[in-house]
Amino acid sequence: MNMIAKKFPNAALIDGEWVTSNKTFPVYDPATGEEIASVPDLGAKDALRAIDAANSALPTWSTKTAKERAAILKRWFDLVTAETESLAQLMTTEQGKPLAESRAEVAYGASFIEWFAEEGKRAYGRTIPTTVASKRYITIKQPIGVVAAITPWNFPIAMITRKVAPALAAGCTIVVKPAAETPLCALAVAKLGKDAGLPPGVLNIVTTKDAPAVGKVFCEDPRVRKLSFTGSTEVGKILYRQCADTVKKLTLELGGNAPLVVFDDADLEQAVAGAMASKYRNAGQTCVCANRILVQSGIYDGFAAALVKAVNKLTVGPGLEPGTAIGPLISSEAIAKVEALVSDAVKKGAKVLTGGTLDNAGPLFYRPSVVGDVTADMSIVQEEIFGPVAALVRFDTEADAVKLANDTPFGLAAYLFSQNLGRAWRVAEKLDVGMVGVNEGIFSNEVVPFGGVKESGLGREGGAEGLEEYLETKYICLGGIDA
Ligand code: SIN
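Predicted, not measured: the structure shown is a model, and the values here were computed from it.

Draft legend 1. Spatial organisation of the site of the ligand. The full set of residues close to the ligand is Y108, N154, F155, M159, R162, R281, T286, C287, V288, S444 and F450. In this structure, an oxygen atom belonging to the ligand sits 3.0 Å away from a side-chain N or O atom of R162. A distance of 2.7 Å separates an oxygen atom of the ligand from a polar atom in the backbone of C287. Bound to the protein, the ligand loses 99% of the 260 Å² it would expose on its own. Within the shell around the ligand, the residues separate by chemical class into six nonpolar, three polar and two charged. Split by domain, the residues of the shell around the ligand number at least three in each of domain 1 (5-254 + 456-475) and domain 2 (258-445).

Draft legend 2. Focus on the domain arrangement of the protein. Looking at the protein, the domain boundaries give domain 1 (5-254 + 456-475) and domain 2 (258-445). If you average the C-alpha positions of domain 1 and of domain 2, the two centres end up 31 Å apart. Taken together, the contact between domain 1 and domain 2 spans 23 residues of the former and 25 residues of the latter. Summed over both partners, the interface of domain 1 with domain 2 buries about 1,900 Å², with 62% contributed by carbon and sulfur atoms. One can count zero salt bridges joining domain 1 with domain 2.

Draft legend 3. Inspection of the pairing of strand β11 (residues 249-253) at higher detail. Within β11, four of the five residues are buried, which leaves the element mostly enclosed by the surrounding structure. Alignment of strand β10 (residues 224-230) against β11, held across five bridges, turns out to be parallel. If you follow F229 over to β11, its bridge partner there is L252. A crossover connection joins β10 to the parallel β11 through helix α9 (residues 233-242); in handedness this β-α-β unit is right-handed. Pairing analysis gives two bridges linking β11 to strand β21 (residues 457-458), with the strands arranged antiparallel. Pairing of L252 across the sheet is with L458, part of β21.

Draft legend 4. Quick look at the sheet that holds strand β22 (residues 471-478). Here three strands make up an open sheet; going across it, the order is β5-β6-β22 and the pairing antiparallel. On the outer flanks of this sheet lie β5 (126-128) and β22, each paired with one strand and no other. Neighbouring strand axes in the sheet, compared pairwise and without regard to direction, differ in orientation by 25 degrees on average. Bridge count for β5 against strand β6 (residues 136-143) is three bridges, and the pairing is antiparallel. Pairing of I128 across the sheet is with Y137, part of β6.

Thresholds, definitions, all that
- Residues numbered from 1 in each chain as written.
- Predicted model: local features only at pLDDT ≥ 70, side-chain atom pairs only at ≥ 80, totals over all residues.
- Heavy atoms only, no water.
- Near = heavy atom within 4 Å.
- Polar contact = N/O pair within 3.5 Å; in protein donor to acceptor, adjacent residues only side chain to side chain.
- Areas by Shrake-Rupley, 256 points an atom, 1.4 Å probe, with all protein chains shown as cover.
- Nonpolar A, V, L, I, M, F, W, Y, C, P; charged D, E, K, R; others polar.
- Domains from an automatic or database assignment.
- Contact = heavy atoms within 4.5 Å.
- Buried area = accessible area lost by both parts, 1.4 Å probe.
- Salt bridge = Lys/Arg side-chain N within 4 Å of Asp/Glu carboxyl O.
- Buried < 20%, exposed > 50% of the residue type's maximum accessible area, 1.4 Å probe, protein only.
- Helix = DSSP H or I, 4+ residues; strand = E, 2+ residues; numbered from the N terminus.
- Pairing = 2+ DSSP bridges.
- Right-handed = clockwise from strand over helix to strand, strands pointing away.
- Axes fitted to C-alpha atoms, helices over the stretch in contact; angles between N-to-C directions.

Shown next, in the form of structure tokens:
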């Protein structure tokens, strides 16, 4: 086993016990192809056991005070923060992102634990002015119950804590199925939660290669009252359908196709910096990465040249090597998809301005690229690229930009760059998305609501809205009060 992987568990966590199995699956370092560990390949029966455990733990956990739950969550935050360096190394080893980005993700992931520890204390109900003299109306907030979560590989810690922390703060218990590519980060963070004092059954981690079987159990078990999923729109739709029979509450963080709009009146330096931050973070493997860079005619050539210059400075290599800005993609399928999208664009008339090929660093490394003269009929602007390729589309008027930006079934994030406040506000209001960055390429943090509209999903994570997802509102009518 790899040295850093040895520091943390490689067994699943059910009812407070580390669970092993004769059936396991390997976890690879995408930078080297080395097998770094293997973890239990659990199935439907184990998923049921985990739900049993979460269900048994629910009455005690949900009746603790928010302050008592917060004390455990804060200890968890402290332990995760203290382990930043080893968690970051583990993350880079199993996911591939540069070490600096992994350190930032550990801090980002921990921030959800700290924020929701406090926010759980503010699950306020309301008193509503009465309409009948003998009655009083009150609402209270209660935990929704057992939660199941299915999390992705691109942010192997933050996408877990963004779901687990609000669920636990609200008084719910939870079963998590982490991505098969990155189970080690999930298990490491769960171990620290156990060390912090999370009681058995409150947080369970089911590792598996058989996502459909485990996902089906999560969706169909009536004791699970909420499913939270981050992943593709295609899988999200399957889970949505499977949850219909038990009428579960759902949070779905699905695919995106973010437009990044650069107007003629943008500050060029700011627009390039924003595009770099949004496009090349995690080698382009985020749901909110700029997927279509729409550039107004007057600034197009200047922007393209400045972007190419900035992109050519990015160093490609294994994430553990100092100075690396672009690590490997997660799999050969991811590389094949990026290659196919670039080739389709070139066939239809786009021009590769830089990159456009694999990098010498290894089979999963793609050179950070810029493709110009992209048009709306090309797959590269219709599908999520999930790789380090910027696709530049030229437009003429503000109305054209809004039309192009909204011409997609997705609606997660958008970015716009303009020094004209009126235009920035007007366009931000017209974009059919859940989140807009104005003169800013990075907007995620623990205190704001993250989520999309249209086929990008349902619900919000983070901020006050993120806690609400794990609460039910109960209305109580108090009668018999003398007028
Ligand atoms: C994602 O790619 O799904 C998450 C990105 C973020 O939290 O900023």
